[in-house]
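# Commentary on secondary and tertiary structure
Chain residues, written in single-letter form:
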Amino acid sequence: VQLVESGGGLVQAGGSLRLSCAASGSIFSSNVINAMGWYRQAPGKQRELVASITSSGSTNYADSVNGRFTISRDKAKNTAYLEMNSLNPDDTAVYYCNVLYGSHWWPSWGQGTQVTVSS
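Residues numbered from 1 in each chain as written. Predicted model: local features only at pLDDT ≥ 70, side-chain atom pairs only at ≥ 80, totals over all residues. Heavy atoms only, no water.

## Thoughts on the pairing of strand 8 (residues 79-84)
Taken residue by residue, a regular strand's side chains alternate between the two faces of the sheet. Buried residues dominate strand 8, accounting for five of its six residues. Sheet analysis places strand 3 (residues 17-24) next to strand 8, joined by six bridges and oriented antiparallel. Paired with R18 across the two strands is E83, which belongs to strand 8. Bridge count between strand 7 (residues 69-74) and strand 8: six bridges; the pairing is antiparallel. Following the sheet pairing, I71 is matched in strand 8 by L82. Hairpin connection, strand 7 to strand 8: the antiparallel pair is bridged by four residues, and N78 has positive phi, about 50 degrees. (Buried < 20%, exposed > 50% of the residue type's maximum accessible area, 1.4 Å probe, protein only. Helix = DSSP H or I, 4+ residues; strand = E, 2+ residues; numbered from the N terminus. Pairing = 2+ DSSP bridges.)

Spelled out as structure tokens, the structure:
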């Protein structure tokens, strides 16, 4: 699986960004990708799952972003998006996407995209 994230940048607190994730690989032809998700990792912290969306469109969010972030997915394009609103400095992190292959998240990662929120 190849994962390519984009859309990060520097934004002021209260601003918005939209991240994109393009996923590719032979496993997509076997219809075993059950979900896509967005993770983030801030300096000195563990990587955390912030949002996920299943093949049927069900979404789940971390408490810290619920109500501010929206995940969506274009299954035909194997692409996921993360719309981020009301950003605050605590959202500063490198954001990564991943795919749920069966019941496990794919073990390798893309390069991520940096999101920096200034106060």
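That shown, we press on.
## Here's the deal with unusual backbone geometry
Positive phi is not limited to glycine here, since N78 has a value of about 50 degrees. As for its position among the elements, N78 is in the loop between strand 7 and strand 8. With a phi close to 50 degrees, S86 is a non-glycine residue in the positive phi region. Here S86 is to be found in the loop between strand 8 and strand 9 (93-101). Assessed through its relative accessible area of 42%, S86 is described here as partly exposed.

## Focus on the packing of aromatic side chains
Scanning the model with the defined rule gives four aromatic pairs in all. Seen in terms of ring centroids, Y39 and W105 are 5.6 Å apart; in terms of plane orientation they differ by 90 degrees. Their pairing is edge-to-face. With Y39 in strand 4 (residues 33-41) and W105 in strand 10 (residues 104-105), this pair connects stretches of sequence that are 66 residues apart. Look at Y39 and you get buried, because its relative accessible area is 11%. Here W105 falls in the partly exposed class, since its relative accessible area comes to 26%. Judged by centre distance (5.0 Å) and plane angle (85 degrees), the ring pair of Y39 and W109 falls under edge-to-face. With a gap of 70 residues between them, Y39 in strand 4 and W109 in the loop between strand 10 and strand 11 (113-118) connect regions that are remote in the sequence. Within the aromatic cluster, the residues linked to one another by ring pairs are Y39, Y96, W105 and W109. We note R47 situated over the ring of W109; from NZ or CZ to the ring centre the distance is 4.2 Å. (Phe/Tyr/Trp six-rings, centres within 6.5 Å; stacked < 30°, edge-to-face > 60°. Lys NZ or Arg CZ within 6 Å of the ring centre and 35° of its normal.)

Note that all results are geometric; they support no functional claim without further evidence.
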